[in-house]
Number of protein chains: 2
Amino acid sequence: MRIRSAEIIAVGSEMLTPHRTDTNSLFLAGRLNELGIELSAKAVVGDDQRLLTTLLRQSLERVDLVIITGGLGPTEDDVTREAVSDALGRPMSEDADVLASLEKRFADRGYVMPANNRKQAQVPRGAVVIANPNGSAPGLWLEEGSQAIVVLPGPPRELQPMFDYSVSPRLVATTAGTRWRRRVIKITGRAESQVDEVARDIYLALMKAPTPIQTTILATPGQIELHLAAVSADVAAVDAALADAVGRLATALAPFVFSVDGRNLEEVVGDLLRERGLRIAAAESCTAGLLLGRLTEVPGSSGWVVGGIVAYDDAVKIEQLGVPPGLLEAHGAVSEPVAVAMAEGVRSRLSADIGIGVTGIAGPDGGTETKPVGMVVIAMAGVSPSVRTLKFPGDRRMVRQFSTAAALDMVRRALVTP
Amino acid sequence: MRIRSAEIIAVGSEMLTPHRTDTNSLFLAGRLNELGIELSAKAVVGDDQRLLTTLLRQSLERVDLVIITGGLGPTEDDVTREAVSDALGRPMSEDADVLASLEKRFADRGYVMPANNRKQAQVPRGAVVIANPNGSAPGLWLEEGSQAIVVLPGPPRELQPMFDYSVSPRLVATTAGTRWRRRVIKITGRAESQVDEVARDIYLALMKAPTPIQTTILATPGQIELHLAAVSADVAAVDAALADAVGRLATALAPFVFSVDGRNLEEVVGDLLRERGLRIAAAESCTAGLLLGRLTEVPGSSGWVVGGIVAYDDAVKIEQLGVPPGLLEAHGAVSEPVAVAMAEGVRSRLSADIGIGVTGIAGPDGGTETKPVGMVVIAMAGVSPSVRTLKFPGDRRMVRQFSTAAALDMVRRALVTP
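Residues numbered from 1 in each chain as written. Chains lettered and ligands numbered in written order. Predicted model: local features only at pLDDT ≥ 70, side-chain atom pairs only at ≥ 80, totals over all residues. Heavy atoms only, no water.

J.: Mind laying out the side chain of B:Ser5, listing which residues take part and the relevant values?
T.: If you trace the backbone, B:Ser5 turns up in strand β1 (residues 5–11). In contact with B:Ser5, other than residues within four places in its own chain, are B:Ile37, B:Glu38, B:Arg62, B:Val63, B:Asp64 and B:Leu65. (Helix = DSSP H or I, 4+ residues; strand = E, 2+ residues; numbered from the N terminus. Contact = heavy atoms within 4.5 Å.)

Written out as structure tokens, the structure is:
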């Protein structure tokens, strides 16, 4: 078997509504790319056994590999197993090992397995079962002549490890040596168009280099990512070309580049705090816990995060943070003096090395001519005391996302400076 | 012509990479829904004329309407016009009006039209041209027997007005007044399989009712949604049938149902607090601000959220919340007495009516035999004092999501009880 081309079929009626979309295919596209397998098309189909059967048969007329995601749950809606059985003409039977592991999964939590979960032990003839360490639905690997059919559950945290540990090695065995290699540059504090303007000439040159490098720019509130990719059978050469490209772009875009090794902003900040032996606390008003929530997304963050005060009400700013009432009256809650007092207050009251204060107007209401929606003040106390007033675009959710990124970046820039 | 079913094909190789996805189909799914047209599947295909031709032909074997988006630009890559021409066997010719308007578009900006844009004036025989006020690529409306094919450019700001002003009126004329109507039931505190076991008999009955109602179940950590949908020309009858179905399911699943009107859990809790004139504060350890972040996602939440203390370090629990050190020593930080002391401490120190305390082990480290990863204790003080110890599955992120939902639901259930 030599697998060169693939299609993906995502199953679930919710992905045909205006509210949900298939994101597993993005992960799978990246992995197939790296394996040198071309993804030629993808589809989304509802919980419709007959249509899924038809689409699977049609895909098998075109490509070497079909990956089906979703529709493996225990309910009436879940029709993927049945459709695969129909399309390949392979009857199903109950797999004793799968059944035993399902029963054990429930027993470990002190439950008796509901009767409808038994359906998940049905396996088409000749299928290899792929273990699912994070959920009840096992996956399937089927071979049909020179073609393969892979079936995986829909939840990304179940699908992703199953692909990496069980499917990928099987596919590697069938591909012949070319690999996509990738690097990511992460940037904060700049808009997409600003990054593009600085980087454009560089990536036009990279596309024409002896090892051509493709560049894609991706923007979310508070973060721009440049994705670089190149393909070759000579992994060392392509890695060297990518390293050179990362170096050129990171130099041009410094000091806004915070990561070239995949780490998130909260991980970079966490590593800096840990290395310096510093502990942080935050006083949050408009972000109301989201900055602390992000700082503590990193496992082990109890080593550098003390805690904080969410001072949504001005009385909390006064009583818990010691912000002088006169300061609030004179400057208003969204002001540089109040942000500084919040940062100092939380640092001293929680005995942290660094205190951060965030206050702003997330909207949709509360804006004025001089203090519009999107205005946010961020202060840092203890180490490298500073304060910045920023104006972010977008709705309430975006303003809060931009604010947490800007606060994390203030800490990063203070600590990376030699 | 009577259009009841549709498929969408999005064209563009960039949507087969890990970085971009098709979002036009979300907009189109909403519009088709409102028109009473069922979207049964959607596909993404690269800039591949032969494959697009095949997919279009196969879609036309299944549905009344096929919408193709993208691939209408002036470059070699853009193959949609050619594929439609091939699939329908309709040769193309240059449309003088389209050519004139393309030339005018460039002239208005002081440019001469590049030669490759001339390609955009090619139109398959019998196609109606759809004007594009925001770009150079015109759209197409084609009829083939009782079926329709719609072709629109990829950029959302071009596609959306073209659909609303030119395509939608043509579709309305074919749908004879049928409309899809939807309701959503939101549930927390139950697993998907538990909801399904209770609800299955009801939705099997609903599917066989005089106005058949389709049901889809969707699960995220801490929230299960049941989506109900039905189609009819008689909007009043279908709304009544849906209201009856919602009533039956909500009764069977009470008290775990928190919303049948679209509101999120934080909105439901916010409304209850506002109606009762109660203000809330939270002391968070493992969730570290995410509960307060969620409570304050609701605009106007400063009316009912005072603020809180993120007590990541035990010293913060002692000094800022007044948790007795002896309690921490005797029971450990993750224990019912400590959660209760946190809830009481934050309530009294921040002068709130209700205090919530959350402490737990989010993982991946820190678990023990008696206090495993995923164990979370939530306490409520002030109104309806209570405390619960829970065990959540999944990784750090999921445990924190489950915990915020459980804490919000503890407040909801205390306040809805008559």
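J.: Before we move on, can you summarise the packing of helix α1 (residues 24–34) of chain A against helix α5 (residues 156–172) of chain A with the specific residues and values?
T.: All names here are of chain A. Between α1 and α5, the shortest axis-to-axis distance is 11 Å and the interhelical angle comes to 25°. Between α1 and α5, the interaxial angle falls into the category roughly parallel. Crossing of α1 against α5: the hand is right-handed. On α5, the residues touching Asn-24, Phe-27, Leu-28, Arg-31 and Leu-32 of α1 are Pro-156, Leu-159, Gln-160, Phe-163, Asp-164 and Leu-171. Split into classes, the residues belonging to the contact of α1 with α5 amount to seven nonpolar, two polar and two charged. (Axes fitted to C-alpha atoms, helices over the stretch in contact; angles between N-to-C directions. Parallel < 35°, antiparallel > 145°, perpendicular 65-115°, else oblique. Left-handed = near helix turned anticlockwise from the far one by under 90°. Nonpolar A, V, L, I, M, F, W, Y, C, P; charged D, E, K, R; others polar.)

J.: Break down the interface of chain B and chain A for me, citing the residues and quoting the values.
T.: With 74 residues of chain B at the contact, the number on the chain A side is 75 residues. For the pair chain B and chain A, the summed buried surface comes to about 5,700 Å²; carbon and sulfur atoms form 55% of the total. Across the chain B-chain A interface, the total number found is six salt bridges. The shortest N-O distance in the salt bridge between A:Glu297 and B:Arg397 comes to 3.6 Å. Taken together, the connections running from chain B to chain A amount to 30 residue pairs in polar contact (both at pLDDT 80 or more). Looking at side-chain class alone, the side of chain B that touches chain A contains 31 nonpolar, 24 polar and 19 charged residues. Both strand β14 (residues 305–310) of chain A and strand β14 (residues 305–310) of chain B contribute to a ladder of three bridges, which runs antiparallel. Residue pairing in the sheet places A:Ile309 in a bridge with B:Ile309 of β14(B). (Buried area = accessible area lost by both parts, 1.4 Å probe. Salt bridge = Lys/Arg side-chain N within 4 Å of Asp/Glu carboxyl O. Polar contact = N/O pair within 3.5 Å; in protein donor to acceptor, adjacent residues only side chain to side chain. Pairing = 2+ DSSP bridges.)

J.: Give a description of the confidence of the model for chain A that names residues and reports values.
T.: Taken residue by residue, chain A gives an average pLDDT of 92. The fraction at 70 or more is 99%. We note a pTM of 0.78 for the whole complex and an ipTM of 0.77 for its interfaces. (pLDDT = per-residue confidence, 0-100.)

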